[in-house]
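# What the coordinates show
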Amino acid sequence: MHKGKIRGMKKFLELKSVRDAWPQDIRTRLSNPSGEGDFIQKARLTGAESYQIQGTLHMISRFGTSPGRKERDLLRWVVLYLMQQSGSGHIRIGREDFFKDFPLWMKSSGISLDEASLTELFPSLLQENPRLFGILPSEEAPILRTEGDQSFYLLKRWRYEKRFLELLDPLVGEKGKKILTGFGESEVLESVFRELQKDSSLVLSEETLSAASMVCSRLFSVITGGPGTGKTTILSGVLRLLLTVRRQKGMEPLNIRLCAPTGRAAGRMEESLKDLLADPDLGGAFPVAPGTLHKLLGLIPGAPPRFNRNRPLPADLIVVDEASMVDLNLMYYLLDGMKPGARLLLVGDKDQLPSVEAGALLSDFLYGSGRDRYRLDGGVLSLSRVHRNSGAILEGASLIIQGKSSDFLDFLKDPRRNSETGSGRFRYFPIPGFRSFLDEASETLPLAQLKQMIPPFSCSVTSWEDHREQVEAYFQLYRDWTILVPSRKGLFGINSINRALSTYFAPREGSVFHGQPIMISRNDYERGLFNGDRGVVLEFQGSHYAFFDGRERGEFRHFPITLLGEYQTAFALTIHKSQGSEYRDVIVLLPEGAERLLSREILYTGVTRAREQVTLYTTTELAEMALSRGVRRQSGIREFMVKQE
């Protein structure tokens, strides 16, 4: 805490109104800069959140027993590190990674700790604090350690993982091999598949038949592949094939639910499958349109899910697109809400960024694929042949995910990647000054010209349909273009870039202006708006309205901007927020100051959002750093996926 803030807090505590009942623990911490007050100040330098710091102090005051000053100080840092790693998405923390990473993490707070000292003090720290560090399978301590101290869990994470694996177990391995009713004869699928192939309007490959056979024979299956490998095309073919077989046999259609982690991804799923969903012969299989997982499960903040094991979803088959974005808690609720015998099909790119919350489930499920005793053997279809993202974008993305730093740096210097006539252009520039970046970025976004052509509307918003083409023009502008960066904060964070571009394009219009791109940042169930939904602010008769895509292309919903919940300007997005989206032209910026966020997955995800052109601003040093790191989320799920002898 800054010294000025400490002095201000002390003056506050001296006020007569609080003197009789002032918070003694805060007073003690502030008047003890060599103890907890010093820890709080330095802990903030690690990037730890306030709740993690306060949680650490509370946990130690209640359960810790280390007598010595040196041991007590180390205990604070160890617990904070475990809290922060758990908050960063790790379900558990391994011993080897702890000893390697903990001293480096400590340096960010200005404290040096050599590995020898840590090795010497750590065992006694665990022994002296049995109420703080419990030993599994006991669940009587806030932090749990496995046998031999090989891994550490926060109690909450351990319980979630344990219950999750109990739900997963019946769906995988031998227990998960169950033939779908009506598909007992192996030749049934192939016969109908060959019939459907005769329809030239349908895109059906042999991989479609393989995927359909997989779904018919297993309760849990996965289709994975990078952008442009045809995941959605194969999904459409699989669903059509399964439903056609059932119809020809005179059976009731399957009850299928389509969903994704975000509203944006669900909207893209609906757009991609619109021909299938509109087919009158198959429509009965889809009682509701594709939506978010939260909507499917009836998840509302502060309330339990609507569906669970006692009141399961009526779905026979649940399909989850963009599955790499699903976290442990959400997947737990999904498995808990499935009825006995229901099937789950996950579709996603295992190389993309994992969820913001706990876990990297899609990657964990695929761990061990191809090995002996793999529980999902025969339940995974991996796609590699790319049908879009051609040219330099494909080449660059391949080098990124393989971590080939030297080859990628040579690629950035190759003039052919920037060919004016080639498809999938990959442009590269060193990071310019902030003003220069704004000038260069704004040149690729013709918003100023569009605002001249389509100025604020003089009519009432009730007449917006008379100007449908003009409204569509603004939406198309932002469907084709975006800026992606790793972080919100800093000079080149999205907050700074969005403020600057707002001033650039609307210097005298205030914080809300005609043509402003926005993104919903908190679910608004009353208006059917979800975190990640993008819209455009348009002005009608001097009032501002937020327009969002409707159910059909060219249809829009609108709300007075004053009635919206939490939203943000969206010229620039974080790379995490861009998952599930696709743009014609993407600018990816990896600036200095974002080193802790860099990884192969974050660069790969940013680059593969582009269909035709990606422009990368970074330094060769930062690019090399990103390719040298992979996002690694630790959990016990990987061990579970490979049967132990």
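Keep in mind that this is a model prediction, so the values were computed, not measured.

### Quick look at the overall build of the protein
Helices and strands together make up the secondary structure of the protein, namely 27 helices and 20 strands. For the protein, with 645 residues in total, the buried portion stands at 54%. Looking at the protein alone, contacts between residues at least 24 apart form 74% of all its contacts between residues at least 6 apart. Only carbon and sulfur atoms are counted for the fraction: they give 49% of the accessible area of the protein, which is about 29,600 Å².

### Some thoughts on helix 20 (residues 434–443)
Along helix 20, the residues classified as buried are Phe-434, Phe-437, Leu-438, Ala-441 and Ser-442. Projected onto a plane normal to the axis of helix 20, the buried residues spread over an arc of 125 degrees and lie on a single side. Among the exposed residues of helix 20, those pointing more than 90 degrees away from its buried face are Arg-435 and Glu-443. Its buried side turned inward, helix 20 meets strand 12 (481–485), helix 23 (494–505), strand 19 (583–589) and strand 20 (610–617).

### Observations regarding the confidence of the model for the protein
Mean pLDDT over the protein works out to 81, with 88% of the residues at or above the 70 mark. Of all the helices and strands in the protein, helix 2 (residues 16–19) carries the lowest mean pLDDT, 48, while strand 8 (residues 317–320) carries the highest, 92. Low pLDDT, under 50, characterises residues 16–20; the stretch is placed with four contacts to residues that sit more than four places away or in other chains.

### Details of the pattern of salt bridges
A full pass over the atoms with the stated rule returns 17 salt bridges. Where salt bridges share partners, they join Arg-268, Asp-480, Glu-582, Arg-584 and Arg-611 into one cluster.

### So, empty space enclosed by the protein
For the structure shown, the criterion picks out one cavity of 30 Å³ or more. Taken as a whole, the largest cavity holds about 90 Å³ of empty space. Along its surface, the largest cavity is lined by Arg-264, Phe-475, Tyr-478, Arg-479, Pro-517, Arg-534, Gly-535, Val-536 and Asp-549. Only helix 22 (468–479) and strand 14 (534–540) provide two or more residues apiece to the lining of the largest cavity. Classifying every residue of the lining of the largest cavity gives four nonpolar, one polar and four charged.

### Looking at the sheet that holds strand 9 (residues 343–348)
Taking strand neighbours across the sheet as the criterion, the six strands line up as 7-6-8-9-5-10 in an open arrangement whose pairing is parallel. Edge positions in the sheet fall to strand 7 (291–292) and strand 10 (380–383), since each has one partner strand and no second.

### Notes on the layout of surface pockets
By volume, the second largest pocket amounts to about 1,500 Å³. Around the second largest pocket, the lining is made up of 43 residues, and of these Ala-266, Gly-267, Arg-268, Glu-270 and Gly-550 lie nearest the centre. Residue composition of the lining of the second largest pocket, grouped by class: 14 nonpolar, 10 polar and 19 charged.

### Remarks on the pairing of strand 19
Taking burial as the measure, the seven residues of strand 19 include six buried ones, the bulk of the element. Pairing of strand 12 with strand 19 involves four bridges; the strand directions are parallel. Looking at the pairing, Thr-482 lines up with Val-586 of strand 19. Two strands pair when backbone bridges link them, and strand 19 and strand 20 are joined in this way by six bridges, in the parallel orientation.

### Some thoughts on the packing of aromatic side chains
All chains considered together, the criterion is met by 23 aromatic pairs. Plain terms: the ring middles of Phe-220 and Phe-365 are 5.2 Å apart, the flat faces sit at 80 degrees to each other, and that makes the pair edge-to-face. Of this pair, Phe-220 sits in strand 5 (residues 220–225) while Phe-365 sits in helix 17 (residues 361–366), and the two are 145 residues apart along the sequence. Overall, Phe-220 belongs to the buried group, its relative accessible area being 1%. Through a chain of ring-to-ring contacts, three or more aromatic side chains come together here, namely Phe-457, Trp-464, Phe-475, Phe-540, Tyr-545, Phe-547 and Phe-556. The residue whose ring lies beneath Arg-311 is Phe-307, and the NZ or CZ to ring-centre distance is 5.7 Å. Here the guanidinium or amino end of Arg-375 rests over the ring plane of Phe-640, the centre of that ring lying 4.2 Å away.

Calculation rules
Residues numbered from 1 in each chain as written. Predicted model: local features only at pLDDT ≥ 70, side-chain atom pairs only at ≥ 80, totals over all residues. Heavy atoms only, no water. Helix = DSSP H or I, 4+ residues; strand = E, 2+ residues; numbered from the N terminus. Buried < 20%, exposed > 50% of the residue type's maximum accessible area, 1.4 Å probe, protein only. Contact = heavy atoms within 4.5 Å. Areas by Shrake-Rupley, 256 points an atom, 1.4 Å probe, with all protein chains shown as cover. Arc of directions from axis to C-beta. pLDDT = per-residue confidence, 0-100. Salt bridge = Lys/Arg side-chain N within 4 Å of Asp/Glu carboxyl O. 1 Å grid on protein atoms, 1.4 Å probe; cavity = no way out; pocket = protein on both sides within 12 Å on 5 of 7 lines; lining within 4 Å. Points joined across faces, edges and corners; volume = space filled by probe spheres on them. Nonpolar A, V, L, I, M, F, W, Y, C, P; charged D, E, K, R; others polar. Pairing = 2+ DSSP bridges. Phe/Tyr/Trp six-rings, centres within 6.5 Å; stacked < 30°, edge-to-face > 60°. Lys NZ or Arg CZ within 6 Å of the ring centre and 35° of its normal.

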